[in-house]
Number of protein chains: 2
Amino acid sequence: MKIRFEPFEVEIDVEPGTSVLEASLNAGVHINASCGGSGVCGKCRVKVLSGQFTGGESEKISAEDAAQGYRLACTTIPTSDLVVEAPVHAARDTAALTALAAGTAQTAKLIGAEELKAAGRFDPALAKVPVTVDPPSATDNISDVGRLLRGLRKLGESHFAFRFEAIRDLPDAWRQGNWTVTASIMRAATRTGKNQVIHVDAGDASQRNIAAAIDLGTTTVWAQFIDLASGEILGAEGDFNAQIGYGEDVITRIMYARKDGGLRRLQEAAANSINEVLRKLARKTGVDLAEVNLATIAGNTTMTQLFLGVNPQYIRLDPYVPAAAYYPPVPAHQFGLAFNDHVPLLIFPAVASYVGGDVVAGVMGSGMHVDERLTLFIDLGTNGEVVVGNKDWMVCAAASAGPAFEGGGIKFGMRAAKGAIENFSVDPFTGEPSIVTVGRGRARGICGSGLIATVASMLMTGIIDERGKFNVDHPSDRLRVGEDGPEYVLVWQQDGALDRDITLTEPDMDNLIRAKGAMYAAYITLLDSVGLTVHDLDRVILAGGFGQSINIERAQIIGLLPELPPEKFIFVGNGSLLGARLVCMSNRLREEVTEIVEKMTNFELSVAPKYMDHYMAAQFLPHTEANVLFPGVHAQIATVRDMLRQA
Amino acid sequence: MKIRFEPFEVEIDVEPGTSVLEASLNAGVHINASCGGSGVCGKCRVKVLSGQFTGGESEKISAEDAAQGYRLACTTIPTSDLVVEAPVHAARDTAALTALAAGTAQTAKLIGAEELKAAGRFDPALAKVPVTVDPPSATDNISDVGRLLRGLRKLGESHFAFRFEAIRDLPDAWRQGNWTVTASIMRAATRTGKNQVIHVDAGDASQRNIAAAIDLGTTTVWAQFIDLASGEILGAEGDFNAQIGYGEDVITRIMYARKDGGLRRLQEAAANSINEVLRKLARKTGVDLAEVNLATIAGNTTMTQLFLGVNPQYIRLDPYVPAAAYYPPVPAHQFGLAFNDHVPLLIFPAVASYVGGDVVAGVMGSGMHVDERLTLFIDLGTNGEVVVGNKDWMVCAAASAGPAFEGGGIKFGMRAAKGAIENFSVDPFTGEPSIVTVGRGRARGICGSGLIATVASMLMTGIIDERGKFNVDHPSDRLRVGEDGPEYVLVWQQDGALDRDITLTEPDMDNLIRAKGAMYAAYITLLDSVGLTVHDLDRVILAGGFGQSINIERAQIIGLLPELPPEKFIFVGNGSLLGARLVCMSNRLREEVTEIVEKMTNFELSVAPKYMDHYMAAQFLPHTEANVLFPGVHAQIATVRDMLRQA
């Protein structure tokens, strides 16, 4: 569906369910809005000129106005193409701002079962193979295992080892199944390795073969069920990682793990969180957890070690040594996961203490390790990771961005939960904001993507300068001096959900600038280290839960993402979960995981001489050398500022 | 030491501690003795002519007689060479009987650590390798596992996998050991397989590397500790298998396993018995069970499945199918053994339901699978097994001999425990016996070796005929008719430990004849099946606890063993324990175990048409065709009978 904003002649495609206010923010049409989209403040009045829609009515709009087509933009949801007249005060900055918001990054065409099948690579790591044999006789009384191996050989299957319990269960399974059993076969991890029969069911039980892919994040846990028989994704569920109760970030948790019983409690918290998500997912998909035959897990190095109960202290201490790159498959139930005893858990390997299995999974999931194109992979987050390379080589580095992208270290910062400001624009003349919150409720704070949008909009409109300092001469009464110095009132107390005003301070902006500078310096240093620049890149892949709601242009304005055409950017969303899923579906990909780790050279930024130079140079919006490195943004800012001066 | 018996000019070598009575039985000099060697009956008077000795005095010998040198043979233990005058009544049968008892089977030169070292095959299946590395630094912060692998590579060690728990323990072990750890490495089972690091200790802990070899027999459990660093056997201990409480033989136990909880109780009984033996052994050797790093177990197919908790019912039911030939290494503690969690248990593979891991271990221990000589391997027992072949090929078969060899199915039969008649001869004229019991106490019954000695002596002296029937015309009052027909009183009530006479009946002899016939028919059929006869054999290897106390000549007289020169016979005693020990010391031998199983073709006697013919023909002492198949025994019997007729 399209929404056309008059009189500015700006048109934008919107997804179903998008409000007119959200559409205006993405289209660069500023409409004042204070209450986050909850329909309370009544400021976002627009006039619908044509088209079908739902909602938009309010006690703030008189019956007479309503009859003329006036509605609140924040609660008006189009059900057909709409033409909307925006308030005229918005006109003054539309022209320039529209240009900035035109492109939105494309969603990656992710690799899935269909692509794997087409490429002949749909070869689940765990196969269920029904085998029927002749019953034994006096002249043919080889062992039950020997009979199964003979049956498998007739099906072209060879090179087997057995899990003990599969042997134990086989004699009764043969007889109960009237000489048909279904062997659950864990494929060899290498070409010279052995396939392992890990379980047997009596009769033909090959119709269902469920795998669970798990992303164990520092903040959230996600899981998906995949039917390995068809490749179908049966569903996904997520929830918070209960380890949060022991610390928001990995360092705090590592410290907690030093306490008596601390590591065990963190291990159990992770396992319980995963089980909660699995149970929700089971209810949603109608899968019985006893049907699950295989599980994979990807997480950063700390999350992995905490989940496995491996002492994480040396991750935290210089020189930051992880316990292991690779772990063998382990019995999932041994770590408290609510699966049957035989279910193996495949653990994504890590490259380094701060380049973990989540990044390896993301790289694999994005396919950059089999692609000729030179790719920059960015996993945004408190512990950010960057990878540069292609199918022939890869270098990677961890960038300690700090928690600003996840709302940490920001006065009113919060995770992207209900009430978090996630989108923003500002009227350059009045300083009045347009605010949209997660869940469209009254604002409770601001999350990472909201912070980027806010800072980008304020920079473009001159409310802040390139150092992230407020223009104290601006006439808006939202600009004031608080206890932390100059600040901007994002939400007045009466419009928000808190018992005080929600503000943005200069220290908040310092934190964001440090975070974006750290990420920028990381990938620039990494590119530098291999003699490349951003202009050599064919693609930029963005991963992370955060990466899904980021707007490329705004991230470019603040100097977080390199100034490349938007079509070069690809979102893969939760790369960790993507990789965890793919590895279930394709044993060849499982082998490639090892190749990825072997291929990835870790680059320790803390000892790279140029890193600090790049970091310091990036402590500016968008950059100290914006005219060279961000010429487009530089020119846009100049254009908009000129417009404002002339107005 | 030698004992010379006058006036018969018979001399015999004896082991220290052997009584004059035992020596006389082995030398073929009959001395009446009723009380089993306990010094009670006073019948075994001899006169010591020269030499040093202890014991022999008795209230049954007057001071005057004692002064002349009279002693009881049963309690006289030589401490130097002795010359003894035996009672003259013994003269009449000496000449012929002496010829029969001249040779005693040699003890095999068993393969041990020294031989393995000399052959470059001392390569323990589990190695403890100390590794020292440089500490990590900012420019060298690979994972702890990566650092261990690098250290191992410098020592020429490669191709590793890790047990998860070894990874878990490694970070702290590195730091506690100041960058020295000792890796316990389970060697790959095949050339293409991976070595597995199963455990790490901080610092250098390679001085001690203890393995436990376990023989799980139907009746007894034996264990040895081996220091894998040196190859030294630290000690051995044995005890009864507590499963006996649930049934004497495997079939009864398999039946018991069908009951609710029965299999679990049998499993626990076996584990408890092994633990008891291990604890005794630990006390004896000063080894801490926590020092044990590797365990191996060999047992017949039923014992193996019962110990592992694998349903054994199909072993018992036609067509007698075992669960598996091979089992993977399993965690010993998972089956209740009192070792540390990381200790792997290697399980000897089985060829068939009735050719189990004990036989495979015995074959390996005897080295017949690497020897060019054509060998017949016989494991005597209720469930007897026979193997024919050499390094190029092997056929094997199970012979259900029945329990007679272990004292079962015999009216006064018993295991070779204290009070069991284990050696015997009879005076052909008076019918008076010479009896030695296990532990030299009053007789409580008769065990397998005693039964063979008794029947052989009675046959030779014509007290029984070739069908195992008593010569009812014999004047001895020990021959009488009891409730089971004609019988012979082995021990009068007043001389024994029971409240009644201990007798040998014709049904007892029928049982022995069936047992020996079954074993004989088994190896003859097996040889037949490959176009050979006993005369093609270079060696006969006898295994089994029973095999250690059997006298070759007497076993030939009854037609159990083939009539070959005594030097062709080799005792390996407990072959199962021997194999279990060797496999710890040599990973190459561990690989060979698989080769043995693959090489051994099981021959199912129950469906071999000729087996029943051979069996029926062997229901005679020594055989219906004794003149052809046992010509020596045949001639000796004829000679002795002639002598007796002429006397």
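- For chain A, an unreviewed UniProt entry supplies the name Ferredoxin and the organism Desulfarculus baarsii.

### Some points on the overall build of chain A
Logical step 1: Regarding its fold elements, chain A presents 19 helices and 30 strands.
Logical step 2: Taking 647 residues into account, the globule formula puts the C-alpha radius of gyration at 26 Å, and chain A, at 28 Å, falls close to it.
Logical step 3: In terms of principal-axis extent, the alpha carbons of chain A reach across some 100 × 60 × 50 Å.
Logical step 4: Residue burial in chain A is summarised as follows: out of 647 residues, 61% are buried.
Logical step 5: Relative to all contacts within chain A whose residues are 6 or more apart in sequence, the contacts with residues 24 or more apart total 68%.
Logical step 6: If you sum the accessible surface of chain A, you get close to 23,600 Å²; carbon and sulfur atoms cover 50% of it.

### As for unusual backbone geometry
Logical step 1: Between Asp318 of chain A and Pro319 of chain A the backbone carries a cis peptide bond, its omega angle lying at 5 degrees.
Logical step 2: Inspection of the secondary structure puts Pro319 of chain A in the loop between helix H10 (313-316) and strand E17 (330-331).
Logical step 3: Put simply, Leu621 of chain B and Pro622 of chain B share a cis peptide bond, and its omega is -10 degrees.
Logical step 4: Considering the arrangement of structural elements, one finds Pro622 of chain B in the loop between helix H17 (609-617) and helix H18 (626-629).

### A short note on the sheet that holds strand E3 (residues 45-50) of chain A
Residue and element names in this part refer to chain A.
Logical step 1: The strand order across the open sheet formed by 5 strands is E2-E1-E7-E3-E5, and the pairing between neighbours is mixed. At either end of the open sheet lies a strand with only one pairing partner, and these are strand E2 (10-13) and strand E5 (70-72). Shown here is a sheet whose adjacent strand axes are inclined to one another by a mean of 35 degrees, direction ignored.
Logical step 2: Pairing of E3 with strand E7 (residues 82-85) involves 3 bridges; the strand directions are antiparallel. The residue of E7 that forms the bridge with Lys47 is Glu85.

### Comments concerning the packing of aromatic side chains
Both the distance between ring centres and the angle between the ring planes are used here to describe each pair of aromatic rings.
Logical step 1: What the rule picks out here adds up to 20 aromatic pairs over all chains.
Logical step 2: Centroid distance Phe335 of chain A to Phe164 of chain B: 5.1 Å. Interplanar angle 85 degrees. Geometry classified as edge-to-face. With one member in each of two chains, Phe335 of chain A in the loop between E17 and strand E18 (344-347) and Phe164 of chain B in helix H6 (residues 164-176) form a pair that bridges those chains. Phe164 of chain B matches Phe335 of chain A in its accessibility class, with the two residues each being buried.
Logical step 3: Judged by centre distance (5.3 Å) and plane angle (70 degrees), the ring pair of Tyr520 of chain B and Tyr523 of chain B falls under edge-to-face. A residue pair is termed a helical-turn pair when its members lie 3 or 4 positions apart in one helix, as Tyr520 of chain B and Tyr523 of chain B do in helix H13 (residues 506-529) at 3 residues.
Logical step 4: Over the face of the ring belonging to Tyr314 of chain A we find Arg175 of chain B, whose NZ or CZ atom lies 3.6 Å from the ring centre.

### Overview of the confidence of the model for chain A
All names here are of chain A.
Logical step 1: In the predicted model, chain A carries a mean pLDDT of 90, and 95% of its residues have values of at least 70.
Logical step 2: Ranking the elements of chain A by mean pLDDT puts helix H3 (residues 91-101) last with 45 and helix H6 (residues 164-176) first with 98.
Logical step 3: In the model, residues 90-108 has pLDDT below 50 throughout and makes 42 contacts with residues more than four positions away in sequence or in other chains.
Logical step 4: Complex prediction metrics read pTM 0.83 and ipTM 0.83.

### So, the packing of helix H15 (residues 575-585) of chain B against helix H16 (residues 587-599) of chain B
Residues and elements named next belong to chain B.
Logical step 1: Look at H15 against H16: their axes get within 5 Å of each other, and the N-to-C directions meet at 125 degrees. Taken together, the axes of H15 and H16 lie oblique to each other. Residues Leu582, Val583 and Met585 of H15 pack against Asn587, Leu589, Arg590 and Val593 of H16.
Logical step 2: Here the residues of the contact of H15 with H16 are counted per class, giving 5 nonpolar, 1 polar and 1 charged.

Cut-offs and rules
Residues numbered from 1 in each chain as written. Chains lettered and ligands numbered in written order. Predicted model: local features only at pLDDT ≥ 70, side-chain atom pairs only at ≥ 80, totals over all residues. Heavy atoms only, no water. Helix = DSSP H or I, 4+ residues; strand = E, 2+ residues; numbered from the N terminus. Rg over C-alpha atoms; globule rule 2.2 N^0.38 Å. Buried < 20%, exposed > 50% of the residue type's maximum accessible area, 1.4 Å probe, protein only. Contact = heavy atoms within 4.5 Å. Areas by Shrake-Rupley, 256 points an atom, 1.4 Å probe, with all protein chains shown as cover. Pairing = 2+ DSSP bridges. Axes fitted to C-alpha atoms, helices over the stretch in contact; angles between N-to-C directions. Phe/Tyr/Trp six-rings, centres within 6.5 Å; stacked < 30°, edge-to-face > 60°. Lys NZ or Arg CZ within 6 Å of the ring centre and 35° of its normal. pLDDT = per-residue confidence, 0-100. Parallel < 35°, antiparallel > 145°, perpendicular 65-115°, else oblique. Nonpolar A, V, L, I, M, F, W, Y, C, P; charged D, E, K, R; others polar.

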